[in-house]
Structures are given as structure tokens and as C-alpha cells.
There are 4 protein chains.
Amino acid sequence: MTTSPVDATAERGVGEPRRQLSFGLIGSGRIGQVHARSIALSGDATLAWVADPNLPGAVALSEMYGARATASTAELIDCGDIDAVLVASPTPTHIDLIESCLDAGLPVLCEKPIDLDISRVDALMSKVSLSKIPVALGFNQRFDPSFAEVRSRLLAGEVGELEHLTLISRDPGPPPSAYIGVSGGIFRDMTIHDFDLARFFVGEIAEVSAVGAQMFDAGAREHGDFDSAVVTLRAVSGALVTIINSRHSAVGYEQRLEAFGADGILQVGNAPTSLVTSSTSSGVETRPPYVDLFLERFADAYTAELAAFIQLVRGEPSGSPTYTDGREALLLANAAQLSAETGALVRLER
Amino acid sequence: MTTSPVDATAERGVGEPRRQLSFGLIGSGRIGQVHARSIALSGDATLAWVADPNLPGAVALSEMYGARATASTAELIDCGDIDAVLVASPTPTHIDLIESCLDAGLPVLCEKPIDLDISRVDALMSKVSLSKIPVALGFNQRFDPSFAEVRSRLLAGEVGELEHLTLISRDPGPPPSAYIGVSGGIFRDMTIHDFDLARFFVGEIAEVSAVGAQMFDAGAREHGDFDSAVVTLRAVSGALVTIINSRHSAVGYEQRLEAFGADGILQVGNAPTSLVTSSTSSGVETRPPYVDLFLERFADAYTAELAAFIQLVRGEPSGSPTYTDGREALLLANAAQLSAETGALVRLER
Amino acid sequence: MTTSPVDATAERGVGEPRRQLSFGLIGSGRIGQVHARSIALSGDATLAWVADPNLPGAVALSEMYGARATASTAELIDCGDIDAVLVASPTPTHIDLIESCLDAGLPVLCEKPIDLDISRVDALMSKVSLSKIPVALGFNQRFDPSFAEVRSRLLAGEVGELEHLTLISRDPGPPPSAYIGVSGGIFRDMTIHDFDLARFFVGEIAEVSAVGAQMFDAGAREHGDFDSAVVTLRAVSGALVTIINSRHSAVGYEQRLEAFGADGILQVGNAPTSLVTSSTSSGVETRPPYVDLFLERFADAYTAELAAFIQLVRGEPSGSPTYTDGREALLLANAAQLSAETGALVRLER
Amino acid sequence: MTTSPVDATAERGVGEPRRQLSFGLIGSGRIGQVHARSIALSGDATLAWVADPNLPGAVALSEMYGARATASTAELIDCGDIDAVLVASPTPTHIDLIESCLDAGLPVLCEKPIDLDISRVDALMSKVSLSKIPVALGFNQRFDPSFAEVRSRLLAGEVGELEHLTLISRDPGPPPSAYIGVSGGIFRDMTIHDFDLARFFVGEIAEVSAVGAQMFDAGAREHGDFDSAVVTLRAVSGALVTIINSRHSAVGYEQRLEAFGADGILQVGNAPTSLVTSSTSSGVETRPPYVDLFLERFADAYTAELAAFIQLVRGEPSGSPTYTDGREALLLANAAQLSAETGALVRLER
């Protein structure tokens with residue numbers, strides 16, 4: 001089946017209820033499960049197929065939502081009864097799966113990053129550009145309601161021209177050493193979200209300088225990676241961006257943002273787990289530690305991300321990040337890696 | 001069908017997955033819709049029937065969740081394929097519906113208040129007490145995660161003995177005048193939630209004094225009701241409680257709590273709509289106005305309320321408020337009304 | 001010397017620098033020391049005399065500021081080289097000292113309360129009213145910059161008509177039992193500040209209802225006093241006021257205010273001791289406990305109180321509370337005491 | 001008179017009250033006035049002389065505190081009746097004045113920076129080192145109570161090892177263009193405070209990378225200076241530091257700090273002007289804009305700075321920053337300037 005965005009809406013007559021999009025999901029791991037749930041909760045989509053080489057995982061997930069399971073991604077893509085594909089499999093499989101979806105005429109929402117190797121990303125670029133089939137990248141943080149609120153208030157001019165953006169992202173704890181070994185390094189694995197957010201807020205980036213440090217994580221040290229990083233970006237617009245990352249934080253999952261404009265400041269704080277504060281003789285106005293899972297912190301973002309992709313598939317105006325967004329974020333990660341290794345500021349060619 | 005709490009669990013063998021409870025819902029208005037959604041989202045329940053004399057409302061709601069519709073509550077209660085009933089119909093129908101459910105052997109979760117007339121409440125009291133069929137009252141605020149967190153931290157002794165509790169509840173705007181005319185007055189209609197919360201936190205109440213005022217609402221004035229009220233309670237434990245109510249608030253739906261103990265203070269603030277703060281030359285650290293719908297403010301509470309009722313039906317430990325809780329809250333509302341009218345403190349007889 | 005308000009300014013020619021007011025201070029205890037320091041720091045006043053029957057106290061304080069000391073208040077009042085008197089001696093001496101100052105033509109700023117006995121207060125009332133010599137009462141909290149800011153923003157209409165005012169005042173710990181025995185009880189000793197603040201914000205009071213409790217303090221129990229109290233006032237304007245008091249608080253000195261208006265809310269929080277917050281795995285955004293001394297919390301208020309009194313002495317517009325303000329606050333305290341003892345609301349006759 | 005630290009205390013017998021230090025103040029401008037007031041308020045010091053080539057300024061200031069005035073700094077240094085000198089004159093005069101004080105045996109507290117030219121700073125270095133006369137630098141922010149509180153809590157291990165420090169400093173508005181022309185640039189003029197604070201918190205610095213931008217200020221553009229800057233430091237300890245500066249901020253004077261440690265976070269927020277928050281339909285929990293003068297923000301810091309210098313003069317343990325601290329901050333500013341111009345990270349040689 002080759003549903004193009006045009007077809008998707010043309011099938012409906014005026015006043016007809018919207019037909020639900022039928023999804024195939026590739027990958028039944030943690031992120032796959034999040035997407036399966038988002039699809040099930042959406043009033044606009046149903047989950048039809050789940051593919052995973054780990055067949056028991058695919059079966060378990062598909063049964064929760066009345067879908068079919070397969071160990072073969074090819075079988076899913078060729079099944080003929082899906083309208084779109086959601087790719088939540090390991091990074092090295094992304095490029096080939098996107099290409100297969102394009103060939104099958106299936107819109108695809110692919111988890112970030114596209115790939116860790118820019119040459120492989122570039123190799124598919126022209127095919128994606130020339131195709132009319134939508135390809136969206138899973139930069140879910142753009143869809144966080146608070147981040148999105150700040151962006152729309154910035155665009156409305158509420159605090160004047162944006163001069164400096166600070167992004168603070170810290171995970172509760174470092175991933176397993178084995179994961180770090182295949183992650184592509186902190187800039188491509190973790191900071192990549194902040195690179196995309198930076199572009200979302202300030203547009204194209206002209207210069208990157210970065211420092212990294214090994215402070216606490218044996219896994220990072222083992223693989224020559226950093227567990228802490230600070231990145232400074234200069235946007236083409238002239239705005240500066242500071243990104244502060246750490247692979248651990250004692251207070252939970254940290255995702256903060258501060259947009260300093262000529263006329264004021266917009267900030268996003270960490271997400272509390274309740275509305276309770278406590279005050280005792282040892283301290284006052286204390287709140288419980290922050291939400292400590294990114295799945296929980298960004299639950300609403302995943303839902304909105306899917307909704308935007310459905311709009312994209314239907315040919316409606318959509319804020320879905322594109323393949324190009326995925327490529328640009330990787331270019332920034334590569335530049336940061338180079339800067340951190342050489343101590344030199346990296347200017348991006350355009 | 002007459003599912004008793006014992007039967008509900010006895011039907012399952014060891015290791016068997018839990019059978020889902022089949023619900024009949026009476027009332028398809030705003031609260032009925034909230035409960036229908038909670039049942040649908042619960043992994044432990046399904047919605048089988050919706051009854052409403054307004055048949056189109058029942059039909060529309062039942063279709064959303066694959067349930068059957070009827071204009072007759074009797075048909076629903078006698079249908080034979082439900083395990084429990086959720087009553088979300090107008091207050092004057094509650095007493096009769098609870099009695100019918102008891103007669104049919106059906107556990108019932110009934111929206112508050114039981115009734116506006118204490119003599120009618122008392123008349124059913126012994127039947128409820130003698131029956132083994134669970135009857136739960138819809139004091140959903142007990143299940144608000146933040147209120148519940150404060151209570152469990154109080155019970156854990158975190159701030160010592162509770163000496164003073166302040167509850168501030170304000171609605172975004174007054175209800176229609178016609179509603180006020182049948183509401184039973186602010187104490188029975190609005191403060192009743194705070195009376196129940198007060199008992200939830202400090203136990204039985206010994207004394208009630210209340211003042212009311214007509215400050216802004218023409219509807220309240222028309223019906224001789226108050227639009228603002230302040231109530232002071234003294235608990236049997238000795239703790240004092242202050243309740244502050246208003247039928248309007250410019251900042252949205254206000255639900256705040258402050259528990260002052262010998263060793264500290266636990267507070268619940270209003271629910272923000274986002275994590276964003278803004279700072280400009282006219283003011284800093286500003287947050288967007290609060291959530292302005294109680295359905296949104298207490299969405300999690302409705303879910304938890306249903307879960308507790310399902311535990312009750314299954315004979316498991318449950319925090320569901322009881323028929324007695326509903327009666328006690330009404331007694332406090334009556335005492336407050338009397339105190340506000342006479343200027344005298346009212347001592348509750350026990 | 002008999003400086004009248006008119007004389008004080010008449011002595012200066014146009015463009016002449018202001019002559020400093022010469023003060024006599026009666027009482028060298030804790031509050032007396034605060035006032036001595038305020039006088040010394042003021043650019044408009046000097047401390048000339050300190051009187052205290054405890055002569056060593058008077059001597060020690062006078063030496064710090066280059067003043068003269070005496071054990072005799074009569075000597076101070078008759079010394080001939082002071083322009084005004086500040087009375088910071090024990091409450092039972094206030095009435096006689098105010099009268100002596102009036103007789104000597106000396107403006108007087110007297111610490112609150114005027115007296116614990118309303119008949120004694122009334123006995124001096126007409127003399128005070130008929131005299132042209134200024135008498136000011138030391139309700140310093142009116143001069144707290146944050147309270148004063150709220151009042152002026154209310155008057156500017158920032159949150160519309162004031163409907164409900166909440167005052168929360170709690171001391172770090174109860175006073176010695178002996179002090180409680182002569183204090184006149186919690187309403188006349190502690191709540192009196194809140195009664196004055198209530199009048200400052202909502203004007204004259206029509207009704208008072210109060211409850212008191214003995215929860216933790218042996219001294220209060222020994223003297224039949226309350227250690228905790230809740231008072232509800234209804235203003236002639238229709239606004240309601242809630243006052244919440246406790247003789248202890250684990251978090252420091254609490255002085256909070258919430259003014260709920262038709263269009264919004266103005267709040268005053270407790271005073272932090274620093275700008276620091278800390279976040280750890282056991283709690284986030286924790287601030288150090290509040291300032292725990294009223295002298296520190298209201299340091300700026302004492303300074304502003306003196307400045308207003310100097311304006312009063314000079315015949316300039318001044319916000320100094322009057323003898324009548326002192327009397328009205330005592331009437332409210334008496335009404336609260338009666339209400340707490342009888343359980344009946346007390347209507348104030350006018 | 002040549003008071004050495006040892007002499008200063010040797011003159012007192014056991015149990016004698018402390019002799020007050022007699023100060024000569026050089027410079028009667030804005031900062032000079034702050035210091036004059038601090039000296040006057042201190043119980044340990046008196047102001048004896050004020051010198052300023054602008055004699056009317058010196059006269060006006062000296063008269064406020066009963067001191068003598070001169071247009072000649074030499075006359076002040078040679079007057080024979082001062083114990084210490086406070087230098088608050090323009091930067092180009094600092095080096096010579098420090099040297100003159102050393103020659104006269106007078107302890108000196110000199111405003112920052114020592115000089116804009118590191119070669120001139122170095123030229124005096126050995127003389128300062130060999131002398132036993134105390135020389136202190138006016139890095140007043142070290143003495144801010146909140147910054148100092150964070151440092152002592154860090155040293156106490158409250159949040160574990162410090163991994164990342166963020167300093168955000170923004171002025172309410174840019175200085176006059178003429179000032180910028182002689183300021184030495186944003187790094188030597190404004191960031192120098194943050195460089196000193198960074199060393200105060202993380203110790204010696206190993207690497208500096210910086211970016212600057214011209215975003216809004218015509219004066220900065222005219223003189224080839226930056227109006228905005230971001231600096232990244234790596235400490236010898238391994239900790240990273242981010243400094244964010246702007247010459248303007250719509251919300252007032254911003255001085256924030258965040259110390260991220262292995263076990264938690266300590267933060268210093270901006271200083272509010274009152275304890276009031278307001279909530280309306282257009283935003284809730286709004287506070288008034290921040291304190292907008294550094295003199296007001298750091299009033300307590302100036303007092304504590306003087307107290308530390310008095311301890312230093314008396315030979316007691318003291319936290320006064322040294323000549324070396326002033327030199328190190330200038331080296332960091334120079335490195336930042338170089339990095340911002342070349343795009344290369346600068347490694348500091350030691």
C-alpha cells in the first residue's frame with residue numbers, strides 16, 4: 001500500500017469522520033513500548049503490526065494492543081495493511097529501514113539519531129529529499145509542552161530578541177558501559193537532543209566550541225568518552241547558546257531551559273513529582289526530587305510527537321522534525337566532538 | 001448477577017489473570033463522562049452499560065466505549081451482566097439508586113453528596129450498615145496524589161503532631177444561578193469536599209463555627225446563599241482547621257492545603273499549567289495561571305478513586321470513603337450552615 | 001521645651017538644613033535598644049536621654065550613642081532639651097507616661113499595647129483627642145516594606161476589591177511562663193498586631209469570632225491562656241479576615257499575608273535568611289529556615305516607624321498609628337477573648 | 001605612623017577594648033562613598049581622611065563623617081594619623097598608590113582591578129610579596145553572604161565533589177561608551193569578578209575558552225568590545241565552570257550561581273526587592289523585578305569585605321583576597337580575551 005499524504009485526506013468526504021491511520025512498529029524495547037501506547041491512546045491511529053527480531057518481545061507488545069507480530073521487518077513493511085511505520089529499533093538499522101519505507105511508499109517516523117556516521121546519513125539525503133514520502137525524526141523534546149510554550153512565546157516577541165539560550169540536561173545516572181561503547185559518545189548520544197533544541201530555538205548554527213570531562217563514570221573512562229560536557233554555540237542570528245550536560249544528577253532527571261531576551265527571560269524548570277512542599281527546622285519550601293525517568297518527563301511530548309507525525313502523513317501543517325534536522329544535529333555533534341578533542345572552535349560550512 | 005467482594009476474587013485461580021470488572025454507569029453528564037473514561041483506561045474494568053433518562057446522552061457515551069445504552073436505570077441494574085454500578089446522576093436520585101443497587105447485590109460508587117436531607121440519609125443508614133455490599137462515596141479529593149502524599153507523610157510523623165490545617169478552595173467562577181437554587185447552599189455543595197478532607201486529615205470533628213458572605217455573585221444573593229465562606233473546625237484530637245472558600249478566583253481553580261505540625265509544615269500549592277516562568281521589567285518568576293477546571297486538576301484523583309473502589313469490590317484493602325463518610329460530611333455542612341446563620345459555634349453530638 | 005509640630009518646621013528658614021530631633025528614650029530593654037539604634041541611624045534624629053529605673057541598663061545604652069542616662073522618667077520628661085519621647089517601658093507604665101508627655105507638651109511614640117485594661121485606655125482618650133500633641137502607637141508591622149507594598153498595591157486597585165485577608169503569625173517559640181502570666185493573653189499580647197494589621201488593610205471591623213487552643217505550651221496551660229488561636233473578622237466593608245496564630249513554629253518566625261481580591265491575589269511570604277537553595281536526593285529547592293527573630297524580620301519596619309513619627313512631630317503627612325488605633329486593636333482583642341470563651345460571635349458596637 | 005599588623009594588636013593590653021582603626025580613603029566617587037559608609041558603620045574603624053584631586057568631592061564626603069579632606073593623596077599617606085588606606089580611585093592610579101602605601105608601611109585595601117596591564121602588575125609583584133604590609137584586593141563578591149554560604153556548604157561536603165559551576169552575571173544596562181573605551185573590555189572589567197569567584201570556588205584554573213558577541217550596545221561596538229560573553233573554564237581540580245555575562249538585563253541586576261556536585265546542587269538566586277508575590281489572570285506568583293544596583297545587591301558584601309580587611313590588618317585570620325588573587329583574575333581575563341579573539345582554547349602556564 002502506498003499512502004501518500006495527499007491520498008490520506010482525499011479518501012475522506014466532507015464531514016466524514018477521519019479514518020484512523022494503521023501503524024507498523026519496528027522495535028519492541030522501551031521506546032517501542034512508549035510509542036505503542038501513544039498509538040493506542042491516540043484517537044487517530046491504531047497499531048496493526050509489531051516487528052522485532054526478538055520475536056517474544058514483538059508478540060508480547062502486539063498482544064497488549066491487538067496487533068500482529070513478526071520477527072521480520074520486511075514482512076511488516078510489505079504487509080499491505082499499514083499506512084505508516086514507526087522505527088524504534090537500534091540506531092545502526094535506521095538508515096536501511098528508512099530507505100525500505102521510502103521504497104514501499106510508507107511514511108516513517110524514525111527515532112533519533114539517524115545514524116552515527118555522517119557519510120551514511122548523507123548517502124540517503126538526496127533520496128529522502130526527492131521523495132514525496134514524509135520522513136520524520138524522533139526529536140521528541142521539541143514537543144514538550146513547556147519547551148513548545150517558550151518557543152511560541154519567544155516567536156510572539158514576549159521577551160524581545162533572543163540573545164542567549166541555556167540548556168541544562170542531566171540524566172539521573174550513567175548508562176551501562178557497554179551502551180557507552182556503541183553510543184557514539186556523549187555528543188552524538190545525549191547532547192544531540194540539545195543540539196536539535198538549540199536549532200529549534202535559534203535556527204542555524206555558525207560556530208561550535210565544546211569541552212568534555214571524565215569526572216565520575218568508569219564506563220566513560222573505559223571507552224574514552226566524556227561523562228560531562230559544556231558546549232557553546234553561536235547561531236547565524238548572532239545568539240549564543242550554552243549547553244550543560246552530565247551523565248548523572250542526584251536530584252533526578254534534569255531538563256532545564258533559560259531563554260534570555262532583550263526584554264526578559266523565559267525559563268523551564270525541572271518537573272516536580274507532586275505539588276507538595278515541606279518546611280522543617282532543617283530547611284523550608286523543600287520539594288520532592290524531580291521526576292527521574294525521561295519517559296515520564298516527556299510522556300506528553302511523545303503523544304504530541306505522534307500527533308504531529310499523523311498530521312504530516314495527512315498532508316496537514318506539521319511541526320515534525322525532518323531528516324535534515326537529524327542530519328544537522330549530527331553535524332553539530334561531530335563538530336562538538338572535534339572541538340572537545342582539539343580545543344579549537346569549529347566553524348560550520350554551509 | 002450478585003457479585004460479592006468475596007466472589008470477585010474467589011473466581012480467580014492462583015496465577016490466573018484478574019478478571020475485569022464490568023461496570024454499569026448511571027448518568028452521562030460531565031462527571032459521568034469522566035468516570036466512563038477512567039473505566040476505559042483502567043486495566044481492571046470495562047464499561048458495559050450507560051443509563052440516562054436523556055437517552056441520546058447515554059447512547060453517545062456508550063458508543064465511545066463499546067457499551068450498551070438505556071434510558072432506564074432499572075434496566076441497567078437488572079441487566080445481569082455487570083459487577084458494579086457507578087452513580088453519577090443528580091443528587092436527589094442518589095439514595096434510591098444506592099438502595100436499588102444494594103437490593104440487587106451490586107457494589108456501588110456514588111457521587112457526593114449522598115443527599116441534601118440528613119433525614120433521608122439517616123433513613124438508609126442501617127440498611128447500608130447491615131449489608132455486606134460495598135457502598136463508596138465519590139470524595140475524589142482524598143485520592144489527589146499531592147493530598148494523599150501529605151497525609152501519608154503526616155502519618156509517618158514527618159512534621160510531628162498536626163496542630164492546624166488550612167484548606168483553601170476556590171472555583172474559577174460561580175455556577176449558574178439555577179444550579180445554586182438546588183445546590184443546598186455553599187456548605188453542602190462546595191465546602192462538603194473540604195469537610196471530608198478535614199476528616200481525612202484530622203479525624204472526627206467536635207466543633208464547627210462558620211461565617212458566610214455575599215460579596216459578588218448575584219445568583220448567591222438571589223437564593224439567599226453565600227458566595228464566600230470561612231469555617232473553623234476543632235477536631236476531637238484538638239487540632240484546629242480553617243477552611244476558606246470562594247465561588248470565584250481570578251487565577252484559576254485553587255486547591256491549596258497547609259498542614260502545620262509541631263515540627264514543620266507540609267503544603268500543597270495550586271497546580272501549574274506548565275513548567276514555564278517568565279521575567280520581565282514588570283515582574284519576575286511569573287507562572288501561567290493555574291489549571292482552571294477541577295476535572296483537569298483532579299484527573300489523577302478520579303483514576304485513583306476508581307482503582308480504590310475496584311479494590312473494595314474485590315474485598316482487598318481499600319481507601320474508598322464510605323456511606324458514613326458521606327453522612328458525616330453532610331452533618332458538618334449542616335452545622336456550618338447553622339453557625340453561619342446564628343453566629344454561634346455548633347458542638348457536634350456523638 | 002515644648003516643641004509643637006508647627007514649631008518644629010517653623011524654626012527652619014527656607015533652604016536651611018533640617019534640625020535634628022532630640023529624643024528621650026524610656027526603657028533600655030530589647031525594644032529600647034532597637035529604637036536607640038534606629039534613632040542613631042536616622043539622619044533626622046539624635047538620642048539625648050535614656051531613662052530606666054534599672055540605671056545600669058540606661059547607662060550602658062546611653063554611652064553607646066553619646067546620650068545622658070537617668071533612673072527617673074520624670075527627670076527625662078522635664079529635662080528641657082528633648083523634642084520627643086519614645087516609650088519602650090513595660091505596658092503598665094504606658095498610660096501614665098503618655099499623660100506626662102502630653103502635660104509636658106512632648107510628642108510621644110509609645111510601644112503597643114497602650115494598656116491591657118480598656119477602661120484605663122478610655123480614661124485617657126478625651127485628653128489625647130483634645131490635645132494637639134502627637135501621640136503615636138508602635139504598631140511597627142504597618143511599616144514593614146512588604147506589608148506596606150501590598151497595601152499600596154491594593155489601594156491602587158491592582159487585584160480589585162479585597163474580599164478575604166489571611167494573616168499567619170507564628171513565633172519561633174513560646175515566651176517564658178512568667179511573661180504569659182502578665183501578658184493579658186494571646187489575643188492582647190500577640191494577635192493584637194494582627195488586629196491592627198487587619199484594620200490597616202480592611203478598615204473598621206464589625207464582627208469577631210475566635211477559637212483558642214492549648215496544644216503544646218505548659219505556660220499557656222498554667223495561666224489559662226491559649227498557645228494557638230484562629231480568629232475570623234468581618235469588616236464593615238464586608239471583607240472577611242482570617243488570623244492564624246501559634247506561639248511556636250519549627251521553621252522560624254512566620255509572618256505571612258494573603259490578600260485575595262476580585263481580580264487576583266497579593267501575598268507576603270516568610271523572610272528567608274539567604275538567597276541559597278539546595279537540592280539533593282532527599283529534596284529539592286530547599287531554602288534555609290526563615291529569619292527567627294522578629295527584631296531581624298522587622299528591622300526595616302522599626303526604621304520606617306521612626307521616620308513616620310518624625311514626620312508626625314514635624315507636622316508633615318504621616319502614617320503613624322494613633323492612640324485610637326491602639327484602642328481599637330485592644331477592643332478587637334477583648335472581643336476575641338470573649339468569643340473564644342463563649343463560642344459566640346461578638347458584634348462590635350459603634 | 002607605620003602600623004604593622006603586629007603593632008596593631010600589640011598596643012592593646014589583655015582585656016582592653018579594641019582600638020579603632022583610623023582609615024584614609026582615596027577616592028570620593030560612588031565606590032568611595034560606599035566604603036566611607038562601611039567604615040562609619042563599623043564598630044572597629046573610623047574615617048580620618050578623604051583624598052581626591054576633585055577636592056569638593058573629598059570635602060563633601062569627609063564632612064559627612066567628621067574626617068579631613070585633601071586633594072593630595074601624598075598628604076593623606078604621609079599624614080601620620082591613619083592605620084590603613086582604602087583605595088577607591090580610578091584603575092590607572094592603583095599600582096602607584098599600593099606602592100606608596102607599602103613604602104609608608106600602611107596596609108591597603110585596593111579596589112579591583114589592580115591594573116589593566118599585566119606587566120605593570122607583575123612589576124610590583126615581588127615588592128608586594130616581600131613586604132610584610134598587608135595588601136588586599138576589593139573582590140567584594142566573595143563576601144556576599146549567599147555566595148559565602150554556598151562555599152562553606154560545599155567545603156562541608158553537603159553536595160559532594162563540585163563538578164560544574166555556573167555563574168550568571170548581568171548588569172541592568174551598559175555603561176557609557178566613554179567608560180567602555182577605558183574599561184579594558186568586558187573580560188577585564190566585568191567578567192573579572194566572575195573569574196575571581198570561580199577561583200574562590202574551584203581553585204586554580206587550567207584552561208580558558210571564551211566567546212564574545214556584540215548584540216545590542218553601540219558603545220561596545222564603537223570600541224570593539226563585546227556586550228555579551230560566555231566563558232568556559234576547566235579547573236586544575238577537573239571541575240568545569242561556565243560564566244554567562246551580559247551588559248544588560250531587563251529584570252534588574254542579575255547575580256546567580258549554581259554549584260552542581262556529585263550529590264546535589266546549591267544555587268543562589270537573584271535578590272528580590274520585597275517578599276511580595278502577585279497572582280492575576282495574566283500570571284501567578286509574580287515577584288517584583290530584582291534589585292537593580294550592585295551597590296544595593298552587595299551592600300552586606302562591602303561591610304564584610306571591610307571587616308575581613310580589618311582582621312587582616314590586625315594580624316588575625318582573614319579571608320581578604322590578595323594581590324596575587326588580583327593578578328590571577330587579570331591573567332584569566334587576558335586569556336579569555338585571547339580565546340574570544342582567536343577561537344582557540346588557552347592553556348594557562350604555571
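Refer to the structure printed above.
Residues numbered from 1 in each chain as written. Chains lettered and ligands numbered in written order. Predicted model: local features only at pLDDT ≥ 70, side-chain atom pairs only at ≥ 80, totals over all residues. Heavy atoms only, no water.

### Examining the overall build of chain A
Along its length, chain A carries 14 helices and 15 strands. A compact globule built from 350 residues would reach a C-alpha radius of gyration of about 20 Å, and chain A, at 21 Å, matches this within 12%. With the principal axes as the frame, chain A shows a C-alpha extent of 60 × 50 × 45 Å. Put simply, chain A has 350 residues, and 59% of those count as buried. The long-range fraction of contacts in chain A, counting pairs at least 24 apart against all pairs at least 6 apart in sequence, stands at 71%. For chain A, the accessible area works out to roughly 12,700 Å², and carbon and sulfur atoms hold 53% of it. With 26 positive and 45 negative side-chain charges, chain A shows a spacing of 2 Å between the two charge centroids. (Helix = DSSP H or I, 4+ residues; strand = E, 2+ residues; numbered from the N terminus. Rg over C-alpha atoms; globule rule 2.2 N^0.38 Å. Buried < 20%, exposed > 50% of the residue type's maximum accessible area, 1.4 Å probe, protein only. Contact = heavy atoms within 4.5 Å. Areas by Shrake-Rupley, 256 points an atom, 1.4 Å probe, with all protein chains shown as cover. Lys, Arg positive; Asp, Glu negative; His and termini not counted. Charge placed at Lys NZ, Arg CZ, Asp CG, Glu CD.)

### Thoughts on the pairing of strand S12 (residues 264-268) of chain A
Taken across its 5 residues, S12(A) has 4 buried, putting it largely inside the fold. Counted between consecutive antiparallel strands, the loop separating strand S11 (residues 254-261) of chain A from S12(A) contains 2 residues. Examined bridge by bridge, S12(A) and strand S13 (residues 276-280) of chain B share 5 bridges and lie antiparallel to one another. Across the sheet, the residue bridging to A:Leu266 is B:Ser278, located in S13(B). (Pairing = 2+ DSSP bridges.)

### Considerations on the environment of C:Glu149
Assignment of secondary structure puts C:Glu149 in helix H7 (residues 145-155). Taking the C-alpha atoms as reference points, C:Glu149 and C:Val268, 119 residues apart in sequence, are found 9.5 Å from one another. Among all residues touching C:Glu149, those that are not within four sequence positions of it are D:Ser274, D:Val276 and D:Pro288.

### Quick notes on helix H7 (residues 145-155) of chain D
For H7(D), the set of buried residues is D:Ser146, D:Phe147, D:Glu149, D:Val150, D:Arg153 and D:Leu154. In an axial view of H7(D), the angular spread of the buried residues amounts to 160°, which keeps them on one side of the axis. On its buried side, H7(D) packs onto strand S13 (276-280) of chain C together with strand S7 (162-170), helix H10 (191-202), strand S11 (254-261), strand S12 (264-268) and helix H12 (294-297) of chain D. With its phi angle positive at about 85°, D:Gly157 sits one or two positions after the end of H7(D). (Arc of directions from axis to C-beta.)

### Considerations on the packing of aromatic side chains
Under the defined criterion, the tally for this structure stands at 20 aromatic pairs over all chains. The structure contains a cluster of three or more aromatic residues connected by ring pairs, namely A:Phe147, A:Tyr253 and A:Phe298. Directly above the ring of C:Phe298 sits C:Arg297, whose terminal nitrogen or CZ lies 4.6 Å from the centroid. One cation-aromatic arrangement involves D:Arg151 over D:Phe200; the distance from NZ or CZ to the ring centre is 4.0 Å. (Phe/Tyr/Trp six-rings, centres within 6.5 Å; stacked < 30°, edge-to-face > 60°. Lys NZ or Arg CZ within 6 Å of the ring centre and 35° of its normal.)

### Things to note about the relation of the copies chain D and chain A
Relative to chain A, chain D is turned by 180° and slid 0.0 Å along the rotation axis, the superposed coordinates differing by an RMSD of 0.0 Å. Those values place the two copies in the arrangement expected of a two-fold rotation axis. Every residue of chain D has its C-alpha some distance from the rotation axis, and the shortest such distance is that of D:Ala344, at 2.3 Å. Interface overlap between copies: 100% of the residues of chain D at the interface are likewise at the interface in chain A, consistent with a symmetric, same-surface contact. (Least-squares fit on C-alpha atoms with pLDDT ≥ 70 in both.)

### Digging into the packing of H7(C) against helix H10 (residues 191-202) of chain C
All names here are of chain C. At a minimum axis distance of 10 Å, the contact between H7 and H10 shows a crossing angle of 25°. Taken together, H7 and H10 sit at an angle that is classed as roughly parallel. Together, Phe-147, Val-150, Arg-151 and Leu-154 of H7 and Leu-197, Phe-200 and Phe-201 of H10 make up the contact between the two elements. For the contact of H7 with H10, a count of residues per class yields 6 nonpolar, no polar and 1 charged. (Axes fitted to C-alpha atoms, helices over the stretch in contact; angles between N-to-C directions. Parallel < 35°, antiparallel > 145°, perpendicular 65-115°, else oblique. Nonpolar A, V, L, I, M, F, W, Y, C, P; charged D, E, K, R; others polar.)

### Brief notes about the interface of chain D and chain A
Taken together, the contact between chain D and chain A spans 36 residues of the former and 36 residues of the latter. Roughly 2,700 Å² is buried in total at the junction of chain D and chain A, and carbon and sulfur atoms are behind 60% of that figure. Counting across the chain D and chain A interface gives 4 salt bridges. In this structure, D:Glu258 and A:Arg256 form a salt bridge, with 2.6 Å as the shortest nitrogen-oxygen distance. On inspection of chain D and its partner chain A, the count reaches 8 residue pairs in polar contact (both at pLDDT 80 or more). (Buried area = accessible area lost by both parts, 1.4 Å probe. Salt bridge = Lys/Arg side-chain N within 4 Å of Asp/Glu carboxyl O. Polar contact = N/O pair within 3.5 Å; in protein donor to acceptor, adjacent residues only side chain to side chain.)

### Digging into the sheet that holds strand S6 (residues 135-138) of chain A
All names here are of chain A. In space, the 6 strands of this open sheet follow the order S3-S2-S1-S4-S5-S6, with parallel pairing throughout. On the outer flanks of this sheet lie strand S3 (68-70) and S6, each paired with one strand and no other. Going from strand to strand, the sheet's axes swing by 25° on average, the running direction of each strand aside. Here helix H13 (residues 299-313) sits on the sheet in contact with strand S1 (21-26), strand S2 (45-51), strand S4 (84-87), strand S5 (108-111) and S6, set at roughly 120° to S1.

### Quick look at the relation of the copies chain C and chain A
Here chain C sits on chain A after a turn of 180° about the axis and a move of 0.0 Å along it, with an RMSD of 0.0 Å. When the interface residues of chain C are mapped onto chain A, 100% of them again fall at the interface, so both copies present the same face.

### Comments concerning the nonpolar core
Residues and elements named next belong to chain D. In terms of nonpolar packing, the biggest core is built from 99 residues, with Phe-23, Phe-187, Phe-195, Phe-201 and Tyr-323 touching the most fellow members. Ranked by residue count, the leading element in this core is helix H14 (residues 323-342), at 8 residues. Each of domain 1 (21-111) and domain 2 (142-298 + 310-347) accounts for three or more of the residues forming this core. For Tyr-323, the contacting residues outside a window of four places in its chain are Ile-95, Ile-98, Ile-114, Arg-120, Val-121, Leu-124, Met-125, Val-128, Val-135 and Leu-137. (Core = buried A, V, L, I, M, F, W, Y, C linked by side-chain atoms within 4.5 Å. Domains from an automatic or database assignment.)

### A closer look at the side chain of B:Ser246
Within the secondary structure, B:Ser246 is located in strand S10 (residues 240-246). Note on B:Ser246: relative accessible area 2%, which makes it buried. Side-chain polar atoms of B:Ser246 contact the backbone oxygen of B:His248, separated by 3.0 Å. In this structure B:Ser246 touches B:Ser169, B:Arg170, B:Asp171, B:Met190, B:Phe216, B:Asp227, B:Ser228, C:Glu163 and C:Phe260, once residues within four positions along its chain are discounted.

### Here we look at the environment of A:Ala229
Residues and elements named next belong to chain A. If you trace the backbone, Ala-229 turns up in strand S9 (residues 228-235). Note: C-alpha distance between Ala-229 and Asn-245 (16 residues apart in sequence) is 5.1 Å. Other than its neighbours up to four places away in sequence, Ala-229 contacts Ile-186, Phe-187, Val-211, Gly-212, Ile-243, Ile-244 and Asn-245.

### Here we look at the sheet that holds strand S4 (residues 84-87) of chain D
Residues and elements named next belong to chain D. Read from one edge of the open sheet, 6 strands run S3-S2-S1-S4-S5-S6, paired in parallel fashion. The outermost strands of the open sheet, each flanked by one partner alone, are strand S3 (68-70) and strand S6 (135-138). Strand-to-strand, the axes of this sheet are offset by a mean angle of 25°, without reference to chain direction. Here 3 bridges tie strand S2 (residues 45-51) to S3, and the two strands are oriented parallel to one another. Its bridge partner being in S3, Ala-51 is matched across the sheet by Thr-70.

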